[in-house]
Amino acid sequence: MRQAGAYSKLLCGGISRRTGPHSLPLARIKKIMKKSSEDVKMISGVAPIVFSKACELFIEELTRRSWNIAIDGKRRTLNKDDVASAVIATDLFDFLIDLVSNSHANLVAGECVASNTNVFDSIF
């Protein structure tokens, strides 16, 4: 008889079971995976689910660290500057430094950042 695999909890909503089978669009994840390299032709059905869970955990951790910065600033609204500060303050997120450094540098210098030069606005 076949036993449940290591990813069985991911397939049925993870440990908390709050988000359903998956909360991020698997088709979008698969599309990103295929665009990452010309060599990627076939993707198993479980791979996007694992990536979805990894993205959820990444978002939760970054949000938690950003929230702590907002609370330290005596605010209860999370904003993009809190996210930028969390990225800069955490070695784990060093791969995002280039993404937020311009936005955060302008904030620290006290300059008013126009929306067309803001890194976060240009991403989306």
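All of the points below concern the structure found in this document. (Residues numbered from 1 in each chain as written. Predicted model: local features only at pLDDT ≥ 70, side-chain atom pairs only at ≥ 80, totals over all residues. Heavy atoms only, no water.)

Running from amino to carboxyl end, helix 3 (residues 47-72) crosses helix 4 (residues 80-89) at an angle of 110 degrees, the nearest separation of the two axes being 8 Å. Between helix 3 and helix 4, the angle is such that the two are roughly perpendicular. Contact with helix 3, carried on its side by L62, R65, S66, I69 and A70, involves D82, V83, S85, A86 and V87 of helix 4 and no other residues of that element. Among the residues forming the contact of helix 3 with helix 4, the class breakdown is six nonpolar, two polar and two charged. (Axes fitted to C-alpha atoms, helices over the stretch in contact; angles between N-to-C directions. Helix = DSSP H or I, 4+ residues; strand = E, 2+ residues; numbered from the N terminus. Parallel < 35°, antiparallel > 145°, perpendicular 65-115°, else oblique. Contact = heavy atoms within 4.5 Å. Nonpolar A, V, L, I, M, F, W, Y, C, P; charged D, E, K, R; others polar.)

The final tally for this structure, using the stated rule, is two aromatic pairs. Measuring from centroid to centroid gives 5.7 Å for F58 and F93, while their planes differ by 85 degrees, and the two rings are edge-to-face. Placement of the pair is F58 in helix 3 and F93 in the loop between helix 4 and helix 5 (97-108), with a sequence separation of 35 residues. Classification of F58 by relative accessible area gives partly exposed; the value is 30%. On the basis of relative accessibility, which here comes to 2%, the residue F93 falls in the buried class. The interplanar angle of 40 degrees and the centroid separation of 6.1 Å between the aromatic rings of F58 and F95 together place this pair among those described as tilted. Of this pair, F58 sits in helix 3 while F95 sits in the loop between helix 4 and helix 5, and the two are 37 residues apart along the sequence. According to the relative accessible area criterion, F95 is exposed, its value standing at 59%. An aromatic cluster of at least three residues, connected via ring pairs, comprises F58, F93 and F95. (Phe/Tyr/Trp six-rings, centres within 6.5 Å; stacked < 30°, edge-to-face > 60°. Buried < 20%, exposed > 50% of the residue type's maximum accessible area, 1.4 Å probe, protein only.)

This part covers the side chain of S66. Following the sequence through the fold, S66 ends up in helix 3. Look at S66 and you get buried, because its relative accessible area is 0%. Leaving out residues up to four positions away in the same chain, S66 has contacts with L78, D82, V83 and A86.

Let us look at the pattern of salt bridges. Counting across every chain of the model gives five salt bridges. Two residues, R65 and E61, come together in a salt bridge whose shortest N-O distance is 2.6 Å. You can see R65 and its partner E61 sitting in helix 3, four residues apart, about one turn around the helix. When its relative accessible area of 32% is taken as the criterion, R65 is described as partly exposed. (Salt bridge = Lys/Arg side-chain N within 4 Å of Asp/Glu carboxyl O.)

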